[in-house]
Amino acid sequence: MTEEASSEATLSNLLREERTFPPSAAFAEAANVKADAYERAADDRIGFWEDAAKRLAWSEPWHTALEWNAPFAKWFVGGKLNVAYNCVDRHVEAGNGDRVAIHWEGEPGDTRTITYRDLQKDVSKAANALHELGVRTGDRVMIYLPMIPEAAVAMLACARLGAAHSVVFGGFSADSLRNRIDDAQAKVVITADGGYRRGKPSALKPAADEAIAGTGVEKVLVVRRTGEDVAMTEGRDVWWHDVVDRQPDTHEYSTFDAENPLFILYTSGTTAKPKGILHTSGGYLTQASYTHHAVFDLKPETDIYWCAADIGWVTGHSYIVYGPLSNGVTQVMYEGTPDTPHQGRFWEIIQKYKVTILYTAPTTIRTFMKWGADIPAKFDLSSLRLLGSVGEPINPEAWIWYRHHIGGDNAPIVDTWWQTETGAIMVSPLPGVTATKPGSAQKALPGISVDVVDESGKPVPNGGGGYLVLTEPWPSMLRTIWGDDERFKDTYWSRYSDQGYYFAGDGAKKDDDGDLWLLGRVDDVMNVSGHRISTTEVESALVSHPSVAEAAVVGATDPTTGQGIVAFVILRGDAEQGGDPASELRAHVSREIGPIAKPRQILVVPELPKTRSGKIMRRLLRDVAEKRDLGDVTTLADPTVMNLISDGLSSGKQD
Ligand code: WT7
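Residues numbered from 1 in each chain as written. Predicted model: local features only at pLDDT ≥ 70, side-chain atom pairs only at ≥ 80, totals over all residues. Heavy atoms only, no water.

Draft legend 1. Seen up close, the sheet that holds strand E21 (residues 450–453). Pairing in this open sheet of four strands is antiparallel, and the strands run E21-E22-E24-E25 from one edge to the other. With partners counted over all chains shown, the strands left at the sheet margins are E21 and strand E25 (516–521), one partner each. Within this sheet the neighbouring strands show an average axis-to-axis angle of 45 degrees, counted without direction. Bridge analysis of strand E24 (residues 502–510) against E25 gives four bridges, and the strand direction is antiparallel. Bridge pairing in E25 places Asp506 opposite Arg521. The strands that helix H18 (residues 535–543) touches are E24 and E25; relative to E25, the one it contacts most, it runs at about 105 degrees. (Pairing = 2+ DSSP bridges. Helix = DSSP H or I, 4+ residues; strand = E, 2+ residues; numbered from the N terminus. Axes fitted to C-alpha atoms, helices over the stretch in contact; angles between N-to-C directions. Contact = heavy atoms within 4.5 Å.)

Draft legend 2. Highlighting the environment of Asp229. Tracing the backbone through its elements, the reader meets Asp229 in the loop between strand E11 (219–223) and strand E12 (237–239). For Asp229 and Trp417, which are 188 residues apart along the polypeptide, the C-alpha to C-alpha distance reads 42 Å.

Draft legend 3. Highlighting helix H11 (residues 282–295). With 14 residues, H11 ought to run about 20 Å at 1.5 Å a step, and its terminal C-alpha atoms sit 20 Å apart, in line with that. Among the 14 residues that make up H11, 14 are buried, leaving the element largely enclosed by the rest of the structure. Backbone geometry just after H11 places Asp297 at a positive phi near 50 degrees. (Expected span 1.5 Å × (residues − 1). Buried < 20%, exposed > 50% of the residue type's maximum accessible area, 1.4 Å probe, protein only.)

Draft legend 4. Spotlight on unusual backbone geometry. Of note, the amide linkage connecting Ala70 to Pro71 takes the cis form, showing an omega dihedral of 0 degrees. Along the polypeptide, Pro71 turns up in the loop between strand E1 (64–69) and strand E2 (72–77). Residue Thr340 is joined to Pro341 through a cis peptide bond whose omega torsion reads -5 degrees. Despite not being glycine, Lys354 has its phi angle at roughly 55 degrees, a positive value. Within the element layout of this structure, Lys354 appears in the loop between helix H13 (345–353) and strand E18 (357–360). Within the chain, Gln442 stands out as a residue other than glycine whose phi angle is a positive 75 degrees. Positionally, Gln442 belongs in the loop between strand E20 (413–415) and E21. By relative accessible area, which is 1% here, Gln442 ends up buried.

Draft legend 5. Summary view of the pattern of salt bridges. Overall, the coordinates contain 44 salt bridges when judged by the stated rule. Across the pair Glu132 and Arg246 runs a salt bridge, and its minimum N-O distance is 2.8 Å. In this pair, Glu132 is assigned in helix H6 (residues 116–132) and Arg246 in the loop between helix H10 (240–243) and strand E13 (256–257), connecting sequence segments 114 residues apart. Under the relative-accessibility criterion, Glu132 is labelled partly exposed at 44%. Judged by its relative accessible area of 51%, Arg246 is exposed. We note a salt bridge from Asp513 to Lys437, for which the minimum N-O separation is 2.7 Å. Linking Asp513 in the loop between E24 and E25 with Lys437 in the loop between E20 and E21, this pair joins segments that are 76 residues apart in sequence. (Salt bridge = Lys/Arg side-chain N within 4 Å of Asp/Glu carboxyl O.)

Draft legend 6. Quick look at the domain arrangement of the protein chain. Here the protein chain is partitioned into domain 1 (25–504) and domain 2 (525–654). Placing the centre of domain 1 and that of domain 2 at their C-alpha centroids yields a distance of 31 Å. Taken residue by residue, the interface counts 21 residues in domain 1 and 22 residues in domain 2. Taken together, both faces of the contact between domain 1 and domain 2 bury some 1,600 Å²; the carbon and sulfur share is 53%. Looking only at domain 1, the three residues that lose the most surface to domain 2 are Arg366, Met369 and Lys370, adding up to 31% of its buried area. There are two salt bridges connecting domain 1 and domain 2. The tally of links from domain 1 across to domain 2 stands at five residue pairs in polar contact (both at pLDDT 80 or more). Elements represented by at least two residues in the side of domain 1 that touches domain 2 include exactly helix H14 (362–371) and helix H16 (396–406). (Domains from an automatic or database assignment. Buried area = accessible area lost by both parts, 1.4 Å probe. Polar contact = N/O pair within 3.5 Å; in protein donor to acceptor, adjacent residues only side chain to side chain.)

Draft legend 7. View of the packing of aromatic side chains. Going through the model one piece at a time under the given rule, you end up with 37 aromatic pairs. Pairing Phe296 with Tyr305 gives two aromatic rings, centres 5.7 Å apart and planes at 70 degrees, and the pair type is edge-to-face. Taking relative accessible area as the criterion, Phe296 reaches 0% and is therefore assigned buried. By relative accessible area, which is 0% here, Tyr305 ends up buried. Through successive ring pairs, a cluster of aromatic residues spans Trp68, Phe72, Trp474, Phe488, Tyr492, Trp493 and Tyr502. Over the face of the ring belonging to Tyr467 we find Arg495, whose NZ or CZ atom lies 4.8 Å from the ring centre. (Phe/Tyr/Trp six-rings, centres within 6.5 Å; stacked < 30°, edge-to-face > 60°. Lys NZ or Arg CZ within 6 Å of the ring centre and 35° of its normal.)

Draft legend 8. Representation of the site of the ligand. Around the ligand there are 16 residues in total, and Asp415, Thr416, Thr420, Asp506 and Lys615 lie nearest to it. For the ligand, whose free accessible area comes to 550 Å², the fraction covered by protein is 89%. Residue assignment for the shell around the ligand shows that the elements contributing at least two residues are helix H12 (314–326) and E25. Residue classes in the shell around the ligand are distributed as six nonpolar, five polar and five charged. (Near = heavy atom within 4 Å. Areas by Shrake-Rupley, 256 points an atom, 1.4 Å probe, with all protein chains shown as cover. Nonpolar A, V, L, I, M, F, W, Y, C, P; charged D, E, K, R; others polar.)

Draft legend 9. Structural view of the packing of H18 against helix H19 (residues 581–593). The interhelical angle for the contact between H18 and H19, taken along N-to-C directions, is 115 degrees, at an axis separation of 9 Å. Viewed along their axes, H18 and H19 form a crossing whose handedness is right-handed. Every residue of H19 that contacts H18 at Glu537, Val538, Ala541 and Leu542 is listed here: Leu585, His588, Val589, Glu592 and Ile593. Here the contact of H18 with H19 is built from residues that sort into six nonpolar, one polar and two charged. (Left-handed = near helix turned anticlockwise from the far one by under 90°.)

Draft legend 10. Structural view of the pairing of strand E4 (residues 100–105). Most of E4 sits out of view: six of its six residues are buried. Relative to strand E5 (residues 111–115), E4 runs antiparallel, the two being bridged by five bridges. Residue Val100 lies in a different strand from E5, and its bridge partner there is Thr115. Here E4 hands over to E5 after five residues, with Gly109 in that stretch at a positive phi of 105 degrees. Across four bridges, the pairing between E4 and strand E17 (residues 330–334) is parallel. Bridge pairing in E17 places Ile102 opposite Gln331.

Right, here's the structure in full:
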């Protein structure tokens with residue numbers, strides 16, 4: 001009974017991991033940020049962030065670093081800056097105008113090389129054009145573009161004018177775009193005829209037209225990318241090459257209040273209407289810039305950085321546009337998918353540009369595992385010196401695979417935990433300091449305060465599991481949900497209102513050293529005979545079997561245990577076939593983490609249902625496991641995946 005009561009309050013800690021990888025002496029020696037940063041921040045957290053803010057150019061200094069009327073924060077109050085100036089012009093002024101800012105690689109193989117001087121001209125022209133189209137400080141502009149340089153240019157042009165942008169991922173439907181246009185009351189939409197995806201042009205403008213009809217949008221600025229025919233609405237739609245190209249290539253910028261809105265980024269909640277996460281200027285840029293410098297150890301003169309995310313997600317905002325450009329880096333930007341025209345495309349790009357730092361997601365890494373290690377082995381990846389991971393917990397075996405097959409057993413891996421809401425990285429190793437552990441995001445960055453607490457808000461001891469909370473405000477925190485302060489308070493601050501903690505919605509545990517392990521969304525936690533078991537731990541145990549590339553587990557109603565664990569697994573490309581994988585894997589999980597976590601059922605599937613940002617949609621797998629009709633599948637990246645799964649299951653091949 002006592003055991004049940006305590007497992008009710010926390011999450012079980014099942015998986016053990018003993019391997020650690022300290023940085024090499026050379027890496028540690030040359031690192032941008034050393035261990036003293038933790039001490040400095042612990043002594044004076046606010047002063048630490050004030051130092052970080054001095055990385056930026058301000059036209060007016062702040063008078064108050066933090067004004068905290070919980071849960072509403074203002075950072076660097078009274079300070080003024082221009083975000084685009086910080087990301088572009090000041091590098092040109094510093095004599096680095098000829099440095100490449102973006103090596104852009106189109107999916108069909110076309111390329112563009114953009115220096116900081118080019119970028120300054122492009123952003124100035126785009127800012128002049130937006131001004132001509134009626135955009136003013138305080139307005140909202142929707143950006144619905146493929147991964148082309150104009151996406152970054154458009155964001156920076158908005159920032160330059162002090163108008164907020166709201167980027168909608170190009171894979172989203174007309175309906176999603178329309179909801180966001182309405183919620184943000186956007187005045188202008190920037191889109192394109194289309195982009196390239198999986199070897200073919202994929203149209204965007206028809207969806208944009210459908211979304212815009214009947215909204216308050218006044219002007220639509222259209223980039224020509226694919227050259228396919230599109231309908232242009234007279235008086236509303238104008239071509240980028242007509243309007244932007246003829247503008248002067250200089251633009252007098254103003255500076256704006258540190259709390260001026262920079263962007264709204266919508267996160268789709270599981271059911272309710274999307275939340276418009278509002279980020280502002282000075283605090284956001286401070287933390288994006290500092291974390292990029294600290295976590296990626298970025299040396300702007302020598303590194304070639306590549307964040308393989310889409311600009312439509314927060315990762316693209318903070319670690320393609322604002323963090324890297326504020327630091328004056330040279331980066332690669334890629335339009336397409338990893339398997340076009342072949343499954344070695346990423347490695348070919350790394351070899352071609354001699355990429356030194358790669359930042360990608362566990363889902364992509366597991367896809368590479370599934371395709372087989374012989375593919376990266378054909379390319380020269382020796383330029384890589386640091387690898388990053390973001391978006392989901394990375395299973396220890398995927399981490400080891402990444403280190404060995406991509407990082408040459410040498411590049412440190414930074415597993416970075418953060419959210420759209422946090423704006424920038426919060427929990428991560430420091431690559432020159434931390435002895436990394438496969439699967440652990442390890443500890444809060446200097447200046448960030450996190451804890452793992454139980455239901456009542458009490459910190460769990462080392463070895464215990466519970467809920468991740470942020471216990472102090474941080475510079476890049478969301479300021480509110482656009483137009484809905486109540487929902488902001490309710491969603492993030494009501495669960496631990498007595499303590500004043502931000503509730504992240506993630507389960508986590510502390511290991512015996514106090515290092516943090518993220519355990520997935522709290523909504524996905526399974527309850528088996530009164531034990532609260534995280535999906536992540538069971539999935540990691542499955543992926544640690546040599547034949548498994550990827551796994552997703554869900555709790556399905558069970559008459560005896562409350563919930564039973566049902567696992568969906570994808571086998572590795574090079575896995576040996578035959579035998580009885582299901583019983584072999586059940587025994588493996590039992591050995592790895594104990595009989596309590598042994599899946600009731602294991603289903604071998606060809607694919608898993610994922611959102612467009614690569615997160616597994618466990619809700620749909622629960623429908624399959626509980627033999628219900630499928631719920632809404634429209635947010636799936638590939639809606640046909642569910643047919644593949646159910647066809648496979650009904651053909652009787654499965655356990
Ligand atoms: C959620 C936020 C942050 C940019 C991309 C996702 C999960 C993110 C990690 C990590 C374990 C992670 C969490 C978080 N997550 N990074 N390193 N380890 N989980 O942004 O779409 O707002 O999702 O992604 O569940 O709450 P997002």
